[in-house]
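Structure assessment
Read off the chains here:
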Amino acid sequence: DIRKNLLEEQGYLCAYCMRRIDKKRMKIEHWYPEEHLTDIECLNYQNMLGVCLGHINGTKGSDDTCDTHKGSEFIKINPLDQSTLRHINYSSATGAIFSQDTDIEKDINVTLNLNSKPHMLKENRKKKYMRILIPRAKGWSMPELFCGT
């Protein structure tokens, strides 16, 4: 099952926004848009990603994110390619992600809408940062973080 494999490989996280996904709340995204592929090329597993539905409360709208917002546009960011991911920066003050690379910056904020305010993506990133990264930077172990020992 392709969905199951993508979920397991991606740790049950959307390949773009990193929200939790499951088999019922995900779709298969073709990083290179399907509209530009042959029927055989559409079956290439190396071009498939598990992504969220991109909606708020199941309602499609202008604040959609990820593949739902991207549609059939080409993007430079490839979650499977570390060389493009190295160009993404994180603001611990705001939770926003950004890039000095203009094409990747466009992908983040326009094409994929990964700093969407209604989806609370920045706020959720900041909360995770504060909960996990800051204490670990102080040398706390994972059991101390979750058990308080």
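Residues numbered from 1 in each chain as written. Predicted model: local features only at pLDDT ≥ 70, side-chain atom pairs only at ≥ 80, totals over all residues. Heavy atoms only, no water.

**Considering the overall build of the protein**
Selection criterion: Secondary structure is summarised from DSSP: a helix means a run of H or I of at least four residues, a strand means a run of E of at least two, and numbering begins at the N terminus for each. For the exposure calls, accessible area comes from a 1.4 Å probe over protein chains only, and a residue counts as buried if that area is under 20% of its type's maximum, exposed if over 50%, partly exposed in between. Under the convention used here, a 1.4 Å probe and the Shrake-Rupley method define accessible areas, while residue burial counts only the protein chains that appear.
When helices and strands are counted, the protein shows six helices and four strands. Taken from N to C terminus, the helices and strands of the protein fall in the order α-β-β-α-α-β-β-α-α-α. Counting across all 149 residues of the protein, residues that qualify as buried make up 36%. Carbon and sulfur atoms make up 54% of the accessible area of the protein, which amounts to about 9200 Å² in all.

**Some details on helix H4 (residues 102–111)**
Test applied: The arc in question is formed by the directions pointing from the helix axis toward the C-beta atoms. Any pair of residues with heavy atoms lying within 4.5 Å of one another is described as a contacting pair. Side-chain atoms alone can form a polar contact between residues adjacent in sequence; in general such a contact is a pair of N or O atoms within 3.5 Å, and within protein one must be able to donate a hydrogen while the other accepts it.
Of the positions making up H4, those classed as buried are Ile-104, Asp-107, Ile-108 and Thr-111. The arc that holds the buried residues of H4, viewed along the axis, is 135°, so those residues lie on one side. Where H4 is buried, its residues touch helix H2 (66–70), helix H3 (82–85) and strand E4 (97–98). The N-terminus of H4 is capped by Asp-101, whose side-chain oxygen sits 2.9 Å from the backbone nitrogen of Asp-103. A positive phi of about 55° marks Asn-113, the residue just after H4.

**Some details on the confidence of the model for the protein**
In plain terms, the rule: A score between 0 and 100, pLDDT records how confident the predictor is in each residue.
On average, residues of the protein score 87 in pLDDT, and 88% of them are at 70 or above. Within the model, pLDDT remains below 50 along residues 144–149, and this stretch shows 11 contacts once partners closer than five positions in the same chain are excluded.

**Points about the environment of His-36**
Here His-36 is to be found in the loop between strand E1 (27–30) and strand E2 (48–51). Look at His-36 and you get partly exposed, because its relative accessible area is 43%. Note: C-alpha distance between His-36 and Phe-74 (38 residues apart in sequence) is 9.8 Å. Those residues in contact with His-36 that sit more than four places away from it in its chain are Glu-41, Ser-72 and Phe-74.

**Side note on the nonpolar core**
Taken as a class, soluble globular proteins show a tendency for nonpolar side chains to be buried jointly. Applicable threshold: Put simply, buried Ala, Val, Leu, Ile, Met, Phe, Trp, Tyr and Cys residues joined by side-chain atoms within 4.5 Å make one nonpolar core.
Cys-14, Tyr-16, Cys-17, Cys-66 and Leu-114 are the most contacted members of the largest nonpolar core, which totals 19 residues. Leaving out residues up to four positions away in the same chain, Cys-66 has contacts with Cys-14, Tyr-16, Cys-17, Arg-19, Cys-52, Thr-111, Leu-112 and Leu-114.

**Notes on the pattern of salt bridges**
Using the following cut-off: We count a salt bridge whenever a side-chain nitrogen from Lys or Arg sits within 4 Å of a carboxyl oxygen from Asp or Glu.
Applying the stated criterion across every chain, the model contains seven salt bridges. When the shortest N-O distance is used, the salt bridge between Glu-8 and Lys-4 registers 3.2 Å. Of this pair, Glu-8 and Lys-4 both sit in helix H1 (residues 2–9), four residues apart, roughly one helical turn. Between Glu-73 and Lys-106 there is a salt bridge, and its shortest N-O distance comes to 3.5 Å. Taken together, the positions of Glu-73 in the loop between H2 and H3 and Lys-106 in helix H4 put the pair 33 residues apart, joining distant regions of the chain.

**Overview of the pairing of E2**
This is how it is decided: Strands qualify as paired when DSSP identifies two bridges or more between them.
Every second residue of E2 is oriented toward a common face, with Met-48 and Gly-50 on one face and Leu-49 and Val-51 on the other, all of them buried. Sheet analysis places E1 next to E2, joined by four bridges and oriented antiparallel. Paired with Glu-29 across the bridge in E2 is Leu-49.

**Some words on the packing of aromatic side chains**
Put simply, the rule reads: The pairing test for Phe, Tyr and Trp rings, Trp by its six-membered ring, is centres within 6.5 Å, and the orientation test on the planes gives stacked under 30 degrees, edge-to-face over 60, and tilted for anything in between.
Counted under the stated rule, the structure contains two aromatic pairs. Seen from their ring centres, Tyr-32 and Phe-74 are 5.1 Å apart, and the 65° between their planes marks the pair as edge-to-face. With Tyr-32 in the loop between E1 and E2 and Phe-74 in the loop between H2 and H3, this pair connects stretches of sequence that are 42 residues apart. Judged by relative accessible area, which is 35%, Tyr-32 ranks as partly exposed. Centre to centre, the rings of Tyr-90 and Tyr-129 are 5.4 Å apart; their planes meet at 45°, and the pair counts as tilted. With Tyr-90 in strand E3 (residues 89–90) and Tyr-129 in helix H5 (residues 121–137), this pair connects stretches of sequence that are 39 residues apart.

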